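As a plain string of letters, each chain reads:
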Amino acid sequence: MSRLPKADLPTEEPLILASQSPRRAQLLTAAGYEFRTQRASDEAECGICSRETAPELVARYAYRKAADIVSKNAIGLVLAADTVAACYGEILGKPYDVEHAESMLRRLSGRKHDVYTGICVWSIATRRCVVEVVRTKLFMQPLSETMLRDYLHSMLWDGKAGAFGYQDGNDWLEVLESGSESNVVGLPMERLSEIFSDFDNLSVAVQ
Ligand SMILES: Cc1cn([C@H]2C[C@H](O)[C@@H](COP(=O)(O)OP(=O)(O)OP(=O)(O)O)O2)c(=O)[nH]c1=O
């Protein structure tokens, strides 16, 4: 992955990453941010809305995860995110089990698809927040039965939207149109630094 950008935080508050995802913490650390993590409650990620599109879903979940952490802290710049893959109108979240992972991978094999990450940056002190969605277009090469079986056996699919980890070291995925690689792994670092830099203009008042 290319060098990750870092911007000054928009407020004096400590940065709180509202996430249990090791990938998101790794990306922030690699860019040089100091932060602590606090996991949002599982309820933040529930509530199905059948007519919702993938970008609408990740925006809503990112907002709900941030709101959960905002409600539990007196101070902090809260950062939350949610990632899904989408292929021909179907939204692919984290697989429930190996059969679910297999059906997701068979759907993505040999096809173009999108990964959407919603991010929410919320300043408790100034009561302002930004919600944005970043899309990365990808192509997954056709998978042979051996590739599929070995990957499912590895369990690397566990906890990853679309049942595949871009960062897992095999060259199955090609990022199209110079899209953000970090967005695929769970946090669009390029856009995040722009949001931090231009927070006053991009944010809206909340509560
Ligand atoms: C597409 C893709 C997703 N992912 C990960 C990023 C996210 O951790 C996960 C999608 O699930 P999310 O629900 O976005 O995040 P999470 O449950 O892991 O963590 P939290 O809600 O606490 O923030 O999939 C990869 O690691 N590699 C990939 O290539």
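Residues numbered from 1 in each chain as written. Predicted model: local features only at pLDDT ≥ 70, side-chain atom pairs only at ≥ 80, totals over all residues. Heavy atoms only, no water.

Per an unreviewed UniProt entry, the recorded name for the protein is dTTP/UTP pyrophosphatase, and the organism is Novipirellula aureliae. Database annotation for the protein, UniProt heading Subcellular location (unreviewed entry): "Cytoplasm". According to the UniProt record, the Sequence similarities (unreviewed entry) comment for the protein is "Belongs to the Maf family. YhdE subfamily." (UniProt positions renumbered as here; feature names shortened; annotations may be inferred.)

Draft legend 1. Local environment of the state of the cysteines. Applying the stated rule across the entire model yields zero disulfides. Of all cysteine sulfurs, the one in Cys129 lies closest to Cys120, which takes part in no disulfide; the gap is 4.2 Å. (Disulfide = S-S within 2.5 Å.)

Draft legend 2. Representation of the pattern of salt bridges. If you walk through the whole model with that rule in mind, you get 13 salt bridges. Arg107 is the partner of Glu90 in a salt bridge, and the nearest nitrogen-oxygen pair spans 2.7 Å. Of the two residues, Glu90 is situated in strand 4 (residues 90–92) and Arg107 in helix 3 (residues 98–108); the sequence distance between them amounts to 17 residues. With a closest N to O distance of 2.9 Å, Lys160 and Asp168 form a salt bridge. Judged by relative accessible area, Asp168 falls into the partly exposed class, the value being 21%. Beyond isolated ion pairs, a larger network of salt bridges with shared partners links Glu102, Arg106 and Glu145. (Salt bridge = Lys/Arg side-chain N within 4 Å of Asp/Glu carboxyl O. Helix = DSSP H or I, 4+ residues; strand = E, 2+ residues; numbered from the N terminus. Buried < 20%, exposed > 50% of the residue type's maximum accessible area, 1.4 Å probe, protein only.)

Draft legend 3. Region of interest: the pairing of strand 5 (residues 112–123). Most of strand 5 is tucked away, with 11 of its 12 residues classed as buried. Of the pairings in the sheet, the one linking strand 3 (residues 77–87) to strand 5 comprises 10 bridges and is antiparallel in character. Residue pairing for strand 5: Leu79 is matched across the bridge by Val121. Inspection of the sheet shows strand 5 paired to strand 6 (residues 128–140) by 12 bridges, in the antiparallel sense. Each residue of the ladder has a partner; that of Val121, found in strand 6, is Val130. Where strand 5 folds back onto strand 6 in an antiparallel hairpin, the turn is made up of four residues, including Arg127, whose phi is positive at roughly 55°. (Pairing = 2+ DSSP bridges.)

Draft legend 4. Broad picture of the site of the ligand. Near the ligand, the surroundings consist of 19 residues, among which Ser19, Gln20, Arg24, Lys65 and Lys94 are the closest. Lys94 is positioned with one of its side-chain polar atoms (N or O) 2.4 Å from an oxygen atom of the ligand. Expressed as a share of its isolated accessible area of 600 Å², the protein-covered part of the ligand is 96%. Across the shell around the ligand, the residue classes break down as five nonpolar, seven polar and seven charged. (Near = heavy atom within 4 Å. Polar contact = N/O pair within 3.5 Å; in protein donor to acceptor, adjacent residues only side chain to side chain. Areas by Shrake-Rupley, 256 points an atom, 1.4 Å probe, with all protein chains shown as cover. Nonpolar A, V, L, I, M, F, W, Y, C, P; charged D, E, K, R; others polar.)

Draft legend 5. Local environment of the packing of aromatic side chains. Tallying each qualifying case throughout the model produces five aromatic pairs. With centroids separated by 5.6 Å and ring planes inclined at 70°, the aromatic side chains of Tyr33 and Phe196 adopt a geometry described as edge-to-face. Linking Tyr33 in the loop between helix 1 (22–31) and strand 2 (36–37) with Phe196 in helix 6 (residues 189–197), this pair joins segments that are 163 residues apart in sequence. Here Tyr33 falls in the buried class, since its relative accessible area comes to 6%. Judged by centre distance (5.0 Å) and plane angle (40°), the rings of Tyr151 and Phe164 are tilted. Of this pair, Tyr151 sits in helix 4 (residues 145–154) while Phe164 sits in the loop between helix 4 and strand 7 (173–175), and the two are 13 residues apart along the sequence. For the pair shown, Tyr151 and Phe164 are each scored as buried. Site record: aromatic cluster; members linked through ring pairs are Tyr151, Phe164 and Trp172. Lys6 extends its terminal NZ or CZ atom over the ring of Tyr33, reaching a point 5.5 Å from the ring centre. (Phe/Tyr/Trp six-rings, centres within 6.5 Å; stacked < 30°, edge-to-face > 60°. Lys NZ or Arg CZ within 6 Å of the ring centre and 35° of its normal.)

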